[in-house]
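Examination of the molecular architecture
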Amino acid sequence: MLEIPSVRLPHDVQLPVIGLGTAGLLGASGYASVRDALDAGYRMIDTATSYRNEAEVGRAVRDSGLDRSAVFVTTKLPPEEAGRESAVLDASLSALGLDYVDLWLIHWPPGGAAAVPTWQALLAARESGKARAVGVSNYSLAQVDELIAATGAVPAVNQVPWSPRRHDPETLAASRERDVVVMGYGPLRRTDLADPTLAAVAEAHGVSPAQVVLRWHLHHDVVVIPRSADPDHRRANLAASTFALTPDEIAAIDAISR
C-alpha cells in the first residue's frame, strides 16, 4: 500500500497531496469508484454539494473499514447557497453520514464577490468542529486578500484549475506568501497528454504522460485531485508520488504553458 505524503494546514490538519476528484461519479458506479479508490490507498476524497454524490461518497468511506480519521473528506458550498451556510453544511454532513468534514470550501465566489459574510460562516463552522479546515475554490488572489483583510483568517486552500498549460508561477508564489495551499483540479483533462515534452519525460522514467503531469504538480507543491472512473487509471495516478522529475524536466514542462 502506497503511503501518500501530506501537507500541513492550520490547526495541524494533514492534507494528502493526491486525492480523488468525484465530479460525475454518481450512483452505484460512483460508490464503487470511491470504495475501490480507498482500497487502492487513496486517503483524500473531494466531493461537493453540487456533485450530488455526497451520499455515495460517505457510504464508501463508512464501508471502507478505515478509521474516520484516516480519510480526508472535502465538500463545497454552492455559491447560490450563500446565506444558508449552516443549513447546507448540516445537509452535507447528513448526506455523508459524517460528524464533520476535513475541509469545507466556498465552491465559487458568490455573485462573483469575495463574500465576507459567507467566509465568516465557514470560520464559524470550523470553530464548531463541523469542518476541520476551511477554504475557497476558484477565487482570485484579490478575493483571497479581501477575506484576509476583513477577518484576519487565511483560507487554508484555494482549489483552482491547474495543469502545465495553466501554470502560473506568480500565483503559486503569492499563495505561498499567504500560506494558502493551491489544490489543482482538472489536471489531466486540461492537458494534451500527447505533448512531445511529456512523452519524452514519461519514456525516461518508464511511466505514463499522465503520471508525469501529476508528479509535476507535486513538485510545485500543488495538491492534485484527478478524477477517474477507471480502476487502473486511479492506481496509476496514485503512483505519481513514487518517482521524481529532474529540475530540467520540471522546467521543460513549465515551458509548455508559454
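Coordinates for the structure precede this section.
Everything in this summary refers to the structure shown in the same document. Note that the structure is predicted; figures quoted are calculated from it, not measured.

1. Quick notes on the packing of aromatic side chains
Per the stated rule, a full pass over the model turns up zero aromatic pairs. The ring of Tyr31 has Arg59 lying over it, and the distance from NZ or CZ to the ring centre is 3.8 Å. In this arrangement the basic side chain of Arg68 is found over the ring face of Tyr100, its NZ or CZ atom lying 4.2 Å from the centre.

2. Thoughts on the pairing of strand 1 (residues 6-9)
Here strand 1 pairs with strand 2 (residues 13-16) via four bridges, running antiparallel. Looking at strand 2, one finds that Ser6 is bridged to Pro16. If you look at the hairpin formed by strand 1 and strand 2, you'll find three residues sitting between the two strands, and His11 has a positive phi there, around 65 degrees.

3. Describing the pattern of salt bridges
All chains considered together, the criterion is met by 13 salt bridges. The salt bridge involving Arg8 is made with Asp12; its shortest N-O contact spans 3.1 Å. Exposure remark for Asp12: the relative accessible area of 46% places this residue in the partly exposed category. Note that Lys76 and Asp46 form a salt bridge whose closest N and O atoms lie 2.6 Å from each other. Within this pair, whereas Lys76 is found in strand 5 (residues 72-77), its partner Asp46 is found in strand 4 (residues 44-46), the two being separated by 30 residues in sequence. An identical accessibility class is assigned to Lys76 and Asp46; each is buried. A single network of salt bridges, built from pairs that share partners, joins Asp36, Arg234 and Arg235.

Rules and cut-offs
- Residues numbered from 1 in each chain as written.
- Predicted model: local features only at pLDDT ≥ 70, side-chain atom pairs only at ≥ 80, totals over all residues.
- Heavy atoms only, no water.
- Phe/Tyr/Trp six-rings, centres within 6.5 Å; stacked < 30°, edge-to-face > 60°.
- Lys NZ or Arg CZ within 6 Å of the ring centre and 35° of its normal.
- Pairing = 2+ DSSP bridges.
- Helix = DSSP H or I, 4+ residues; strand = E, 2+ residues; numbered from the N terminus.
- Salt bridge = Lys/Arg side-chain N within 4 Å of Asp/Glu carboxyl O.
- Buried < 20%, exposed > 50% of the residue type's maximum accessible area, 1.4 Å probe, protein only.

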